[in-house]
There are 2 protein chains.
Amino acid sequence: MKLTSKGRYAVMALVDLARFDNINPVSLRDISLRQGISLDYLEQIFSKLKKNQIVKSIRGKQGGYVLNKNPNDIKLTNIFHAVDEKVKTVQCKKESKKGCNGKATKCITHNLWDELEIHINTFFENKSLKDLLNNNKETRV
Amino acid sequence: MKLTSKGRYAVMALVDLARFDNINPVSLRDISLRQGISLDYLEQIFSKLKKNQIVKSIRGKQGGYVLNKNPNDIKLTNIFHAVDEKVKTVQCKKESKKGCNGKATKCITHNLWDELEIHINTFFENKSLKDLLNNNKETRV
DNA sequence: TCTAAACTTGACCATTTTAGTCAGGTATGT
DNA sequence: ACATACCTGACTAAAATGGTCAAGTTTAGA
């Protein structure tokens, strides 16, 4: 199981944004340069972040993006949800309470994968942008 | 981030195996039928499980596979490692202690991804086949 | 001894996902 | 008016996924 770069980039970009948006909006071009992420790709990502009210955009010259919430209120789970980075451990539909893979019974390890999904999502729910900013100030290894 | 079916199948197959290998070796054909997994695919998976000493094989008629260890000593992490299901959250090389993506400095969210990786791996290290067997007897929902 | 069941190995492949690129827009501060 | 920046959708090469297929070897049991 691996994290896609869409999710990774989204978080990187938002941390970058959070550090620089104190006064002026931050342009994607700047983020692109600082973080080494393709500008075109960033635009796709920010389009989704905007749809999910995580950032606001200011168009025109001197424009850019600004956080739309307090960094403390932006959890990893919100970011990942916005860019469709989701945790999937089971193939079977969630809705069909019993029966996986067209069988009459629940697959033998169903509970395990549910547990795993919860385990991972808990991590994402407890981690906010604020946490990452602090963490980064310490530049701890 | 999602679990691949190679990893999922490996665990399903081993739980199945653990339940039936008390007396005789279990054939992949049986597992295939019970779990609804392609026989050819199972063969690939068991070849790896065998290389990693998780199962033993008995060839010939009436042959099949048997666990090579106590279910309590087979952790999820062992199974996933055997079938190359690994948790990857960073693109950057582990070895290069400083510097991600060819940059001089660590990427801004590096610590986060490391934490996440540890968080997930901890789950895998603490879960054994034995746990899954018990869990399944209870048939809890 | 013959045969069928079962493991063994390696090549092959269609589909899907990923990680972008490209080409055009539109809005707005100076 | 023009440069800067956001906005949108189509497109695509490469990798990963989730298998299939073919051709073995081994061994129990009739």
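Whatever comes next refers back to the structure up there.
Structural notes, computed from the coordinates. (Residues numbered from 1 in each chain as written. Chains lettered and ligands numbered in written order. Predicted model: local features only at pLDDT ≥ 70, side-chain atom pairs only at ≥ 80, totals over all residues. Heavy atoms only, no water.)

Overview of the packing of aromatic side chains
No. 1: Under the definition given, this model contains 10 aromatic pairs over all chains.
No. 2: Each ring, one from Trp-113 of chain A and one from Phe-80 of chain B, has its centre 6.4 Å from the other, and the planes form 25°; the classification is stacked. Of this pair, Trp-113 of chain A sits in helix H5 (residues 110–126) while Phe-80 of chain B is found in helix H4 (residues 76–82), placing the two residues in two different chains.
No. 3: For Phe-80 of chain B, a relative accessible area of 2% gives the class buried.
No. 4: Relative to Tyr-65 of chain B, the ring of Phe-46 of chain B lies with its centre 4.8 Å away and its plane at 45°, an arrangement referred to as tilted. Pair noted here: Phe-46 of chain B is in helix H3 (residues 39–51) and Tyr-65 of chain B is in strand E2 (residues 64–67), with a separation of 19 residues, a long-range link. Considered together, Phe-46 of chain B and Tyr-65 of chain B belong to a single accessibility category, that of buried residues.
No. 5: Aromatic rings pair up to connect Phe-80, Phe-123 and Phe-124 of chain A together with Trp-113 of chain B into one cluster. (Phe/Tyr/Trp six-rings, centres within 6.5 Å; stacked < 30°, edge-to-face > 60°. Helix = DSSP H or I, 4+ residues; strand = E, 2+ residues; numbered from the N terminus. Buried < 20%, exposed > 50% of the residue type's maximum accessible area, 1.4 Å probe, protein only.)

Let's talk about the pattern of salt bridges
No. 1: Throughout the structure, instances matching the rule amount to eight salt bridges over all chains.
No. 2: Among the salt bridges present, the one from Lys-127 of chain B reaches Glu-115 of chain A, with a minimum N-O distance of 2.7 Å. Here Lys-127 of chain B is found in the loop between helix H5 (110–126) and helix H6 (129–137), whereas its partner Glu-115 of chain A is found in helix H5 on a different chain.
No. 3: Judged by relative accessible area, Lys-127 of chain B falls into the buried class, the value being 16%.
No. 4: Here Glu-115 of chain A falls in the partly exposed class, since its relative accessible area comes to 22%.
No. 5: Note that Asp-16 of chain B is salt-bridged to Arg-34 of chain B, the shortest N-O span being 2.8 Å. One end of the pair, Asp-16 of chain B, is in helix H1 (residues 5–20); the other, Arg-34 of chain B, is in helix H2 (residues 28–35), and 18 residues separate them in sequence.
No. 6: On the accessibility criterion, Asp-16 of chain B (1% relative accessible area) is buried. (Salt bridge = Lys/Arg side-chain N within 4 Å of Asp/Glu carboxyl O.)

Overview of the relation of the copies chain B and chain A
No. 1: Of the transformation superimposing chain B on chain A, the axial component is 0.0 Å and the angular component is 180°, with the fit at an RMSD of 0.0 Å. One copy is carried onto the other by what is essentially a two-fold rotation axis. Among all residues of chain B, the one whose C-alpha sits closest to the rotation axis is Met-1 of chain B, at a distance of 2.8 Å.
No. 2: A shared binding surface is used by both copies, with 100% of the interface residues of chain B retained as interface residues in chain A. (Least-squares fit on C-alpha atoms with pLDDT ≥ 70 in both. Contact = heavy atoms within 4.5 Å.)

Describing a positive patch on the surface
No. 1: Together, Lys-2, Lys-86 and Lys-88 of chain A together with Lys-2, Lys-86 and Lys-88 of chain B make up a positively charged patch on the protein surface.
No. 2: Position of Lys-2 of chain A among the secondary structure elements: in the segment before helix H1 (5–20). (Patch = residues over 30% accessible without salt bridge, like charges linked within 9 Å, V, L, I, M, F, W, Y side chains within 5 Å. Areas by Shrake-Rupley, 256 points an atom, 1.4 Å probe, with all protein chains shown as cover. Lys, Arg positive; Asp, Glu negative; His and termini not counted. Charge placed at Lys NZ, Arg CZ, Asp CG, Glu CD.)

Concerning the protein's contact with DNA strand C
No. 1: Not every one of the 24 residues close to DNA strand C is listed here, only the nearest: Ser-38, Gln-44 and Arg-59 of chain A together with Lys-50 and Tyr-65 of chain B.
No. 2: In DNA strand C, atoms within 4 Å of the protein come from the sugar-phosphate backbone in 63% of cases.
No. 3: In this structure, Tyr-65 of chain B approaches DNA strand C through a side-chain N or O atom, which is 2.5 Å from a phosphate oxygen.
No. 4: For the surface near DNA strand C, the secondary-structure elements that each account for two or more residues are H1 and helix H3 (39–51) of chain A together with H3, strand E1 (55–58) and E2 of chain B.
No. 5: Residue composition of the surface near DNA strand C, grouped by class: six nonpolar, 11 polar and seven charged. (Near = heavy atom within 4 Å. Polar contact = N/O pair within 3.5 Å; in protein donor to acceptor, adjacent residues only side chain to side chain. Nonpolar A, V, L, I, M, F, W, Y, C, P; charged D, E, K, R; others polar.)

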